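So the chains spell out like this:
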Amino acid sequence: MSMKKHLQVPHLLLFTIIFSTALVNEVWGSLQYPIVVSTWPFLEAVRTAWEAVDSGFSAVDAVVEGCSACEKLRCDGTVGPGGSPDENGETTIDAMVMDGVTMEVGAVAAMRYVPEGIKVAKLVLEYTKHTMLVGDQASAFAISMGLPGPTNLSSNESIEKWTKWKENYCQPNFRKNVIPRDDCGPYHPNGPSIRRCMMDNEPRPNEFGSVNVGLHSHDTISMAVIDQVGRIAVGTSTNGATFKIPGRVGDGPIAGSSAYADAEVGACGATGDGDIMMRFLPCYQAVENMRLGMEPKLAAKDAISRIARKYPDFIGALFAVNKSGIHAGACHGWTFQYSVRNHGMNDVEVFTVHPQ
């Protein structure tokens, strides 16, 4: 009896080894990471992040490298210093880093005088128990931690843009229900503000659309990286909406809005009218959709559709990538492009997504 059992064990072990090997090969054959995904054709930023992750950097560090490259290049004039002046002609920075393994977030908002937003966000993540620092206090923290500053974040281009805007009576702007409507202020409420309930079938005001948002006036780099061992991170950096009201914080530094990551599921990055999109946390929604079993394409489309049902004239887009590296995008109000690099590509590839 014992001899019979002894003879059966090797066959059982052999079957287990063969089955396990086949299963591992099947799983690894479907994986497409390491991978870098970014909003827009920010090719050099994606290349920089890819070089980092391909050489063994963690997902968090690769995201920081990629977004930092975009800040230095001043991508589209809407990332890093030197772009998107506010109503006072000043450029300020919003940025965020999220570790999808620990779910830690580091962010800065309305930061003045320090150009390297993504690096400050990482410092917040690594050296504080907070999630976000804002304004001059964020700047002071960055400088105290060794980053260069204070420095003027404006440029000749941003000042020229601001000067022309002032000459055009500060139009367009992000004010509403104020007087004067066609001058540069000071602004005052145009009578008492009365808000009432609207019926579901009652028309909404036209101002609910993204009237001041365009490809080169309101943009963000939002990047996701899955590293060689499957860790996932996201990062964002932006100098916000052109001619924003001073003190405005958009969706860039808000986890779940501009980006979100969970290493058990995947990641998302978004861009567009942050003032509308941040009300819906579209990237959190996209990741949760994937958690429920949706493929990235459907997860992204559903997250955008939830906003479009309430704000049919808004402009925005996002990409979703699952933990295996499968990616897709969705957009509303404009044609969206996002960039990808993985081992199956010789260089960065740009994917075009048309409005749904």
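Residues numbered from 1 in each chain as written. Predicted model: local features only at pLDDT ≥ 70, side-chain atom pairs only at ≥ 80, totals over all residues. Heavy atoms only, no water.

## Structural notes on the sheet that holds strand β9 (residues 259–262)
Here is step 1 of the chain: Taken in spatial order, the four strands make up an open sheet running β9-β10-β11-β12, and their pairing is antiparallel. Of all the strands in the sheet, just β9 and β12 (327–332) have a single pairing partner and so form its edges. Pairwise comparison of adjacent strand axes, ignoring direction, gives a mean angle of 10° for this sheet.
Here is step 2 of the chain: Note: strand β11 (residues 316–322) against β12, six bridges, orientation antiparallel. (Pairing = 2+ DSSP bridges. Helix = DSSP H or I, 4+ residues; strand = E, 2+ residues; numbered from the N terminus. Axes fitted to C-alpha atoms, helices over the stretch in contact; angles between N-to-C directions.)

## Observations regarding the packing of helix α3 (residues 59–73) against helix α4 (residues 117–127)
Here is step 1 of the chain: Two elements in contact, α3 and α4, have axes separated by 8 Å at closest approach and are oriented at 150°. In terms of axis orientation, α3 runs roughly antiparallel to α4. Taking contact as the criterion, the partners of V60, D61, V64, C67, S68, E71 and K72 in α3 are, on α4, G117, I118, K119 and K122.
Here is step 2 of the chain: Here the residues of the contact of α3 with α4 are counted per class, giving four nonpolar, two polar and five charged. (Parallel < 35°, antiparallel > 145°, perpendicular 65-115°, else oblique. Contact = heavy atoms within 4.5 Å. Nonpolar A, V, L, I, M, F, W, Y, C, P; charged D, E, K, R; others polar.)

## Considerations on the UniProt feature "binding site: substrate" (unreviewed entry) in the chain
Here is step 1 of the chain: The positions UniProt marks with the feature "binding site: substrate" (unreviewed entry) are R248, V249, G250, D251, T271, G272, D273 and G274.
Here is step 2 of the chain: In this structure, D251 sits in the loop between β8 (232–238) and β9.
Here is step 3 of the chain: Among the residues examined, D251 registers a relative accessible area of 3% and is labelled buried.
Here is step 4 of the chain: Residues within four places of D251 in sequence aside, it is in contact with S257, S258, G274 and M278.
Here is step 5 of the chain: Looking at where G274 falls in the secondary structure, it is placed in helix α7 (residues 274–277).
Here is step 6 of the chain: When its relative accessible area of 0% is taken as the criterion, G274 is described as buried. (UniProt positions renumbered as here; feature names shortened; annotations may be inferred. Buried < 20%, exposed > 50% of the residue type's maximum accessible area, 1.4 Å probe, protein only.)

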